[in-house]
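Listed below, chain by chain, are the residues.
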Amino acid sequence: MIKGVNRQVLEVTNTENPYFERIIFFVKPEYGSEDRAKLKKEAESLARKTEKPPKSRKTKREIRFIITQALLCIGAGAAITFLLNFFV
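Below or above, wherever it landed, is the structure these notes cover. Since this is a predicted model, take the numbers as computed values, not measurements.

## Thoughts on the overall build of the chain
Logical step 1: When its secondary structure is counted, the chain shows 2 helices and 2 strands.
Logical step 2: Listing the helices and strands of the chain from first to last along the sequence gives β-β-α-α.
Logical step 3: Taking 2.2 N^0.38 as the reference for a compact globule, 88 residues should give roughly 12 Å; the C-alpha atoms of the chain span a radius of gyration of 28 Å, well beyond that estimate.
Logical step 4: Within the chain, buried positions represent 10% of all 88 residues.
Logical step 5: In the chain, of all internal contacts separated by at least 6 residues, the share reaching a separation of at least 24 is 38%.
Logical step 6: Taken as a whole, the chain presents about 8,700 Å² of accessible surface, with 58% of it coming from carbon and sulfur.

## Focus: the layout of surface pockets
Logical step 1: The volume enclosed by the largest pocket comes to roughly 220 Å³.
Logical step 2: Lining the largest pocket are Leu10, Phe25, Phe26, Val27, Lys28, Tyr31, Glu34, Lys38, Leu39, Glu42, Ala43 and Leu46.
Logical step 3: Counting residues per element, the lining of the largest pocket draws most heavily on helix 1 (residues 36-49), which supplies 5 residues.
Logical step 4: Taken as a whole, the second largest pocket encloses approximately 180 Å³ of empty space.

## Some thoughts on helix 1
Logical step 1: A rise of 1.5 Å per residue sets the reference length of helix 1, with its 14 residues, at 20 Å; its end C-alpha atoms lie 20 Å apart and thus fit the reference within 8%.
Logical step 2: All of the buried residues along helix 1 are Leu39, Ala43 and Ala47. An end-on view of helix 1 places all buried positions within 70° of arc, on one side of the element. Along helix 1, the residues that are exposed and aim more than 90 degrees away from the buried face are Ala37, Lys38, Lys41, Arg48 and Lys49.
Logical step 3: Each element contacted by the buried residues of helix 1 is listed here: strand 1 (8-12) and strand 2 (23-27).

About the criteria used
- Residues numbered from 1 in each chain as written.
- Predicted model: local features only at pLDDT ≥ 70, side-chain atom pairs only at ≥ 80, totals over all residues.
- Heavy atoms only, no water.
- Helix = DSSP H or I, 4+ residues; strand = E, 2+ residues; numbered from the N terminus.
- Rg over C-alpha atoms; globule rule 2.2 N^0.38 Å.
- Buried < 20%, exposed > 50% of the residue type's maximum accessible area, 1.4 Å probe, protein only.
- Contact = heavy atoms within 4.5 Å.
- Areas by Shrake-Rupley, 256 points an atom, 1.4 Å probe, with all protein chains shown as cover.
- 1 Å grid on protein atoms, 1.4 Å probe; cavity = no way out; pocket = protein on both sides within 12 Å on 5 of 7 lines; lining within 4 Å.
- Points joined across faces, edges and corners; volume = space filled by probe spheres on them.
- Expected span 1.5 Å × (residues − 1).
- Arc of directions from axis to C-beta.

Structure, rendered in structure tokens:
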């Protein structure tokens, strides 16, 4: 079932944020008769306050995998160095 509702909408296209192309604001009905410039100014100030999303944290399993790979690479490098010094 589709409901039709009349709402005032503000769209900010200049977000100055690398993650978001545009932001859509729905104006509360009691503020629908406010000055359009005032609403636009408030919407743009909210859009500027947005921050980058937090970086995703690595799980313990991923951290152990990275450490294991690093240790194996160090061991392989030490072994190759030892063999080159021993035979050359």
